[in-house]
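Close look at the chain arrangement
Each chain, written out:
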Amino acid sequence: MSTDTLVTLAGRTALACAADGPKLCGGGDATDVIGEALGHGVELVVLPVRRLAAEFFTLRTGVAGELVQKFVNYRLRLAVVGDISGHVDRSTALRDFVIEANRGDQLWFVDTLAELEERLRVRAERAGG
């Protein structure tokens, strides 16, 4: 199993979670990731989509809300990286959730690290640095 690593994206340090780590299926599962992020003093966690349990993508299970809320409670931003188009195509509610999340600043869904880095760069420019 790979380990999580620190990466620099648009001049900011983030915790990039290993793709082959344990699946996250709720707030309790996020505790180790959150602890590691806080230990490194980062504000952003980059999570490969394959680390999310299938239940995350069925909003009525509450898994997505619980998981995201855990990161919000610790003032950590979360970027989910990878193709979720299959899930989004099957669920209008999930599509709307992703659209709203991507309008905000706390949770983003992006296809690639390059896309994430570009969003971070634009955000930094808008904030003045």
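Located above this text is the structure these notes cover.
Residues numbered from 1 in each chain as written. Predicted model: local features only at pLDDT ≥ 70, side-chain atom pairs only at ≥ 80, totals over all residues. Heavy atoms only, no water.

1. Description of the pairing of strand β4 (residues 77-81)
Across the 5 residues of β4, 5 count as buried, placing the element largely inside the fold. Examined bridge by bridge, strand β3 (residues 44-48) and β4 share 5 bridges and lie parallel to one another. Its bridge partner being in β4, valine 45 is matched across the sheet by leucine 78. Each parallel crossover has a hand, and the one from β3 via helix α2 (residues 63-73) to β4 is right-handed. (Buried < 20%, exposed > 50% of the residue type's maximum accessible area, 1.4 Å probe, protein only. Helix = DSSP H or I, 4+ residues; strand = E, 2+ residues; numbered from the N terminus. Pairing = 2+ DSSP bridges. Right-handed = clockwise from strand over helix to strand, strands pointing away.)

2. Focus: the packing of aromatic side chains
Summed over all chains, the structure comprises 3 aromatic pairs. Ring geometry for phenylalanine 97 against phenylalanine 109: centres 6.1 Å apart, planes inclined by 65 degrees, an arrangement best described as edge-to-face. Of this pair, phenylalanine 97 sits in helix α4 (residues 92-103) while phenylalanine 109 sits in strand β5 (residues 107-110), and the two are 12 residues apart along the sequence. By relative accessible area, which is 7% here, phenylalanine 109 ends up buried. Pairwise contacts between aromatic rings join Phe56, Phe57, Phe97 and Phe109 into one cluster. (Phe/Tyr/Trp six-rings, centres within 6.5 Å; stacked < 30°, edge-to-face > 60°.)

3. Looking at the sheet that holds strand β1 (residues 5-9)
As summarised here, the arrangement of the 5 strands in space is β1-β2-β3-β4-β5, forming an open sheet in which the pairing is mixed. If you trace the sheet from one side to the other, it starts and ends with β1 and β5, each paired once. For this sheet, the mean angle separating the axes of adjacent strands, direction not counted, is 30 degrees. Sheet strands in contact with helix α5 (residues 113-127) are β1, β3, β4 and β5, and its direction is about 135 degrees off that of β5. (Axes fitted to C-alpha atoms, helices over the stretch in contact; angles between N-to-C directions. Contact = heavy atoms within 4.5 Å.)

4. Some remarks on the nonpolar core
In terms of nonpolar packing, the biggest core is built from 29 residues, with Phe56, Phe71 and Phe109 touching the most fellow members. Among the secondary structure elements, those contributing two or more residues to this core are α1 (31-40), β3, α2, β4, α4 and β5. By residue number, the principal contributor to this core is α2, which donates 5 residues. Beyond its immediate stretch of four places on either side in the chain, phenylalanine 71 contacts Ala30, Val33, Ile34, Val45, Leu76, Leu78 and Gln106. Core analysis: the second largest hydrophobic core is formed by 11 residues, Leu9, Ala14, Ala16 and Leu44 among them. (Core = buried A, V, L, I, M, F, W, Y, C linked by side-chain atoms within 4.5 Å.)

5. Brief notes about unusual backbone geometry
Here the phi dihedral of alanine 10 falls at roughly 55 degrees; this positive angle occurs in a residue that is not glycine. By the secondary structure assignment, alanine 10 is in the loop between β1 and β2 (12-16). Despite not being glycine, arginine 75 shows a phi value in the positive range, around 55 degrees. Mapped onto the secondary structure, arginine 75 falls in the loop between α2 and β4.

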